[in-house]
Amino acid sequence: DAGVIQSPRHEVTEMGQEVTLRCKPISGHDYLFWYRQTMMRGLELLIYFNNNVPIDDSGMPEDRFSAKMPNASFSTLKIQPSEPRDSAVYFCASSLWEGGKNIQYFGAGTRLSVL
Amino acid sequence: KQEVTQIPAALSVPEGENLVLNCSFTDSAIYNLQWFRQDPGKGLTSLLLIQSSQREQTSGRLNASLDKSSGRSTLYIAASQPGDSATYLCAVGTGWGNTPLVFGKGTRLSVIA
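We now turn to the structure provided with this report.

Procedures and definitions
- Residues numbered from 1 in each chain as written.
- Chains lettered and ligands numbered in written order.
- Predicted model: local features only at pLDDT ≥ 70, side-chain atom pairs only at ≥ 80, totals over all residues.
- Heavy atoms only, no water.
- Disulfide = S-S within 2.5 Å.
- Helix = DSSP H or I, 4+ residues; strand = E, 2+ residues; numbered from the N terminus.
- Buried < 20%, exposed > 50% of the residue type's maximum accessible area, 1.4 Å probe, protein only.
- Contact = heavy atoms within 4.5 Å.
- Buried area = accessible area lost by both parts, 1.4 Å probe.
- Salt bridge = Lys/Arg side-chain N within 4 Å of Asp/Glu carboxyl O.
- Polar contact = N/O pair within 3.5 Å; in protein donor to acceptor, adjacent residues only side chain to side chain.
- Nonpolar A, V, L, I, M, F, W, Y, C, P; charged D, E, K, R; others polar.
- Core = buried A, V, L, I, M, F, W, Y, C linked by side-chain atoms within 4.5 Å.

Attention now goes to the state of the cysteines. Among covalent bonds in proteins, the disulfide is the one between the sulfur atoms of two cysteines. For the structure on display, the rule yields two disulfides over all chains. With its sulfur 1.9 Å from that of its partner, C23 of chain A forms a disulfide with C92 of chain A. Looking down the S-S bond of the C23 of chain A and C92 of chain A bridge, the torsion is -65°, so its handedness is left-handed. You can see C23 of chain A sitting in strand β3 (residues 19-24) and its partner C92 of chain A sitting in strand β9 (residues 88-95), a full 69 residues away along the chain. The residues C23 of chain A and C92 of chain A share a single accessibility class, namely buried. There is a disulfide in this structure between C23 of chain B and C90 of chain B, and the S-S distance comes to 2.0 Å. Taking the sign of the S-S torsion, about -60° here, the bridge from C23 of chain B to C90 of chain B comes out left-handed. With a gap of 67 residues between them, C23 of chain B in strand β3 (residues 19-25) and C90 of chain B in strand β9 (residues 86-93) connect regions that are remote in the sequence.

Structure follows, in structure tokens:
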């Protein structure tokens, strides 16, 4: 498998613009997680899905953020409107509950810069 | 709320040295603990996973230990190499099943040739 695939790898946008980040999980994985990494706060969970259903979105910072998983092979994280404080690296991870283990596989991340 | 702390934040060692990275967590009711490696501009790679019932896990030159009661874990790297240079992240799984991980901020390791 190609692993978790995220696009784009880098995104530079201006304040107020809409940003859409994309994620393709590993085939067969039934959990998908969106994390955000900043120097100040480290890696933090934004939202996660099980079988395409959002389970916990308490980490989504505010209504400007939304996430969807229309099918088992695709998820999006949208920020509208974007603000400079949203600048961070956004990671998607997927996992499969197997043998009592919870190993999450991470994509390479999307580095977002909001000017 | 679970909090994970890693000390030191950065570490520089000469090649060949054995080293220990530390991780502590505030709530001992964890399901598992994982150590990840992150290279610059890359994603995270899982190195070792320790279930809460285990005391340690080993993979090659890496050994991770877990003391759940004291809220501590260590990652031991033997005979360090320049290729080990990366950021090492500790993360705890807080519940049974595929629950999200709570991460420390990492230790940035530089191994000097």
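Picking up after the structure, the text goes on.
Taken together, the contact between chain A and chain B spans 24 residues of the former and 21 residues of the latter. Where chain A abuts chain B, roughly 1800 Å² becomes buried across the two surfaces, and 54% of that area is made up of carbon and sulfur atoms. By the criterion of area lost to chain B, the three top residues of chain A are L43, W97 and N102 of chain A, representing 32% of everything that side buries. Where chain A packs against chain B, one counts zero salt bridges. Inspection of the chain A/chain B interface yields five residue pairs in polar contact (both at pLDDT 80 or more). Its residues assigned to classes, the side of chain A that touches chain B shows 13 nonpolar, seven polar and four charged.

Attention now goes to the pattern of salt bridges. A side chain with one charge may pair with a side chain of the opposite charge, provided their charged atoms come close. Residues and elements named next belong to chain A. This model, assessed by the stated rule, comprises nine salt bridges over all chains. A salt bridge links R85 to E62, with the shortest nitrogen-to-oxygen separation between them at 3.2 Å. Placement of the pair is R85 in the loop between β8 (74-79) and β9 and E62 in the loop between β6 (53-56) and β7 (65-71), with a sequence separation of 23 residues. Assessed through its relative accessible area of 54%, R85 is described here as exposed. Residue E62 is classed as partly exposed on the basis of its relative accessible area of 27%. Put simply, R64 and D86 hold a salt bridge, and the shortest N to O gap is 2.7 Å. Residue R64 is found in the loop between β6 and β7, and its partner D86 is found in the loop between β8 and β9; the two are separated by 22 residues along the sequence. Summarising the burial analysis for this pair, R64 and D86 share the class buried.

Right, let's talk about the nonpolar core for a bit. Residue and element names in this part refer to chain B. Judged by nonpolar contacts, the single largest core of 22 residues is most densely connected at F25, L33, W35, L75, I77, Y88 and L109. At the level of elements, β3, β4 (32-38), β5 (44-51), β7 (62-67), β8 (72-77), β9 and β11 (107-112) are the ones that each hand at least two residues to this core. When near neighbours in sequence (up to four residues on either side) are disregarded, L109 contacts L11, V13, L19, I77, D84, S85, A86 and Y88.

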